[in-house]
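Next come the chains, spelled out residue by residue.
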Amino acid sequence: MFKSGVGFLALFGVGWWLLATSAFSGPARPVAIAAGCVVAVALMLAARRSLPASEGGPFPPDRRRRFHQINGLQWLLIIAIAVGCARAGEPVLVPPLVAVVVGLHFLPLAAVFGQPRLRVPAALLTAAGAGGLAVWAADGADATVRLVVGLVAALSLWGVGAWTVAAGREPARADA
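Residues numbered from 1 in each chain as written. Predicted model: local features only at pLDDT ≥ 70, side-chain atom pairs only at ≥ 80, totals over all residues. Heavy atoms only, no water.

Engineer: Whenever I open this one, the overall build of the protein chain confuses me. Can you help?
Structural biologist: The helix and strand tally for the protein chain stands at six helices and zero strands. In the protein chain, the order of α-helices and β-strands from amino to carboxyl end is α-α-α-α-α-α. For the protein chain, buried positions account for 34% of its 176 residues. Residue pairs in contact within the protein chain that sit at least 24 positions apart in sequence constitute 72% of those at least 6 positions apart. Of the roughly 9,700 Å² of accessible surface on the protein chain, a fraction of 69% belongs to carbon and sulfur atoms. (Helix = DSSP H or I, 4+ residues; strand = E, 2+ residues; numbered from the N terminus. Buried < 20%, exposed > 50% of the residue type's maximum accessible area, 1.4 Å probe, protein only. Contact = heavy atoms within 4.5 Å. Areas by Shrake-Rupley, 256 points an atom, 1.4 Å probe, with all protein chains shown as cover.)

Engineer: Hey, could you run me through helix α5 (residues 119–137) in this one?
Structural biologist: An α-helical segment advances 3.6 residues per turn. Residues three or four places apart therefore align on the same side. Between its terminal C-alpha atoms α5 stretches 27 Å, which fits the 27 Å expected from 19 residues at 1.5 Å a residue. Of all the residues in α5, the buried ones are Pro121, Ala122, Leu125, Ala128, Gly129, Gly132 and Val135. Down the axis of α5, the smallest arc covering the buried residues is 165°, so these residues share one side. Seen from the open side of α5, the exposed residues pointing more than 90 degrees away from its buried face are Arg119 and Ala137. (Expected span 1.5 Å × (residues − 1). Arc of directions from axis to C-beta.)

Engineer: So what exactly am I meant to see when it comes to the environment of Asp142 here?
Structural biologist: Here Asp142 lies in helix α6 (residues 142–169). Judged by its relative accessible area of 42%, Asp142 falls in the partly exposed class. Considering only alpha carbons, one finds Asp142 and Val92, 50 residues apart in sequence, at a separation of 5.9 Å.

Engineer: I would appreciate a short explanation of the nonpolar core in the present structure.
Structural biologist: What tends to happen in soluble globular proteins is that the nonpolar side chains get buried as a cluster. Judged by nonpolar contacts, the single largest core of 41 residues is most densely connected at Trp16, Val102, Phe106, Leu125 and Trp158. Ignoring sequence-local partners within four residues, the contact set of Trp16 consists of Pro95, Val98, Ala99, Val102, Leu125, Val149, Gly150, Ala153, Ala154 and Leu157. (Core = buried A, V, L, I, M, F, W, Y, C linked by side-chain atoms within 4.5 Å.)

Geometric values such as these leave the question of function open.
If you want it as structure tokens, here you go:
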């Protein structure tokens, strides 16, 4: 499944990175955007080269249904957050609240995929959202909220992607 999910982590990491770079202006922003794209491509190439192809074919129907339920709920909550924050006149709250929702969606996905490692991005993205909310509550600038949430979320997703690639390269232990 897109080489153990690394492709999804890399691409969604770019999305969060773009949010972070929205805090920059001038020539620093295009350079930062390019750097983020290089990181994502490097992760995807490393996964393609190092990780085995997914085994077992498509998910069984019950696991696929659960996956779709989790993601459907996540997207409904994201839409509700965007609409609610827009109506409340607080669009700055969209990124931190979305980060919390995305982080929490990794918890049931860890069970669906049988990947306890997904608890790490759950904690880190939830922390990214909480950090953004803390900056906002302290009257921080909107750009700072975006920078905190986007940077922590992107680095978290890319870090888990790199961890997955590195773990896939490790030789199997004889006592495992």
